[in-house]
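# Commentary on secondary and tertiary structure
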Amino acid sequence: MIVYQIGVTTVEDYVSKREPHRRTHIERLQGLRAAGILLAGGPAADGTAVDLVYRLQRPDQIKHAMEEDPYWMAGAWTRYEPRSFTQFVEPWEMIPVVLDGTRRATIVEGPVTQHDMAQFALIEMRGAGRIAFGGFFEGGGTLAVAKTADAAAALGWFAETGFWKPDALTARPWLHVL
């Protein structure tokens, strides 16, 4: 299995464009989640982007996963870019779906200084309840979902380990829907 983070670009009027298709979209995603294909997803707090995390057997399945989504077919999503994790720290449990925007999280991204130790640090942060999941891309970049809406706190958790380049870490708000 290959785990992919897929960054999605949305249209300017995303909220209104998606609304007629939202129920079908959520039902589809819940079915993919139940089948173990979709691990997580949600929009940026401002609605300009979406992040999805899929577990697929082959790269050619990305097109099907994305382009058969009601939001893609309705034009609410305009572009997507997949990145495959070379190593991934799985979520311990599938969290309930929250559609009202109250589960705010922070996506932290950036390069590592010590890959092997950073991998252990991600596992420890998950165990401490600081991250939901995360992993590493080719070349040593990291993406992880911190279980806080406080970007400064999330960046601090990574910086304090000493295994990431603190000046190169970025954080962005995310609504952790599923």
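Residues numbered from 1 in each chain as written. Predicted model: local features only at pLDDT ≥ 70, side-chain atom pairs only at ≥ 80, totals over all residues. Heavy atoms only, no water.

### A look at the nonpolar core
Where we set the bar: Take the buried residues of types Ala, Val, Leu, Ile, Met, Phe, Trp, Tyr and Cys, join any two whose side-chain atoms come within 4.5 Å, and each joined set is a nonpolar core. A simple rule labels every residue: compare its accessible area, found with a 1.4 Å probe on the protein chains alone, to the largest value its type can have, and call it buried under 20%, exposed over 50%, or partly exposed in between. Every helix listed is a DSSP run of H or I at least four residues long, and every strand listed is a run of E at least two residues long, numbered separately from the N terminus. Contacts are residue-level and defined by heavy atoms, with any inter-residue pair within 4.5 Å sufficient.
Residues I6, V8, L52, Y54, M66 and W77 are the most contacted members of the largest nonpolar core, which totals 21 residues. Looking at this core, the elements that each hand over two or more residues are strand 1 (2-10), helix 2 (22-34), strand 3 (49-56), helix 3 (61-67) and strand 4 (77-89). For this core, the element with the highest residue contribution is strand 3, accounting for 4 residues. Residues contacting W77, with those up to four places away along its chain left out, are V8, T9, T10, Y14, H25, V50, L52, M66, D69, Y71 and W72. Grouped together as the second largest cluster of nonpolar side chains are 17 residues, V89, V112, A146 and F158 included.

### Quick word on the pattern of salt bridges
Heads up, the condition is: Note on definitions: salt bridges are taken to be side-chain nitrogens of Lys or Arg within 4 Å of carboxyl oxygens of Asp or Glu.
Overall, the coordinates contain 10 salt bridges when judged by the stated rule. Between R172 and D51 there is a salt bridge whose closest N-O contact spans 2.6 Å. Separated by 121 residues along the polypeptide, R172 in strand 8 (residues 170-175) and D51 in strand 3 bring together distant segments of the chain. When the shortest N-O distance is used, the salt bridge between R83 and E109 registers 2.8 Å. Pair noted here: R83 is in strand 4 and E109 is in strand 5 (residues 104-111), with a separation of 26 residues, a long-range link. Through salt bridges with shared partners, a single network forms among D51, R83, E109 and R172.

### Describing the packing of aromatic side chains
The geometry of an aromatic ring pair is captured by the separation of the ring centres together with the interplanar angle, meaning the angle of the planes. Stated formally: Put simply, two rings from Phe, Tyr or Trp (the six-membered ring, in Trp's case) pair if the centres are within 6.5 Å, and we call them stacked under 30 degrees between planes, edge-to-face over 60, tilted for the rest.
If you walk through the whole model with that rule in mind, you get 7 aromatic pairs. Between F85 and F88, the ring centres sit 4.9 Å apart and the planes meet at 50 degrees, which makes this aromatic pair tilted. This pair shows no difference in class: F85 is buried, exactly as F88 is. Aromatic pair F158 and W164: ring centres 4.8 Å apart, planes at 75 degrees, arrangement edge-to-face. The exposure classification of F158 matches that of W164, with both residues buried. Grouping aromatic residues by their ring pairs yields a cluster made of F85, F88, F133 and F137.

### Points about helix 2
Let me state the cut-off plainly: One fewer than the residue count of a helix, multiplied by 1.5 Å, yields its expected span. Summarising the geometry, the arc corresponds to the directions from the helix axis toward the C-beta atoms.
Taking 1.5 Å per residue, 13 residues should reach 18 Å; helix 2 reaches 18 Å between its end C-alpha atoms and fits that length. Burial in helix 2 covers these residues: H25, I26, R28, L29, L32 and R33. Buried positions in helix 2, seen along its axis, are confined to an arc of 160 degrees and lie on one side of it. Across from the buried face of helix 2, at angles greater than 90 degrees, the exposed residues are R23 and A34. Buried residues belonging to helix 2 abut strand 2 (38-43), strand 3, helix 3, helix 4 (70-74) and strand 4. At the exit of helix 2 stands G36, carrying a positive phi of roughly 80 degrees.

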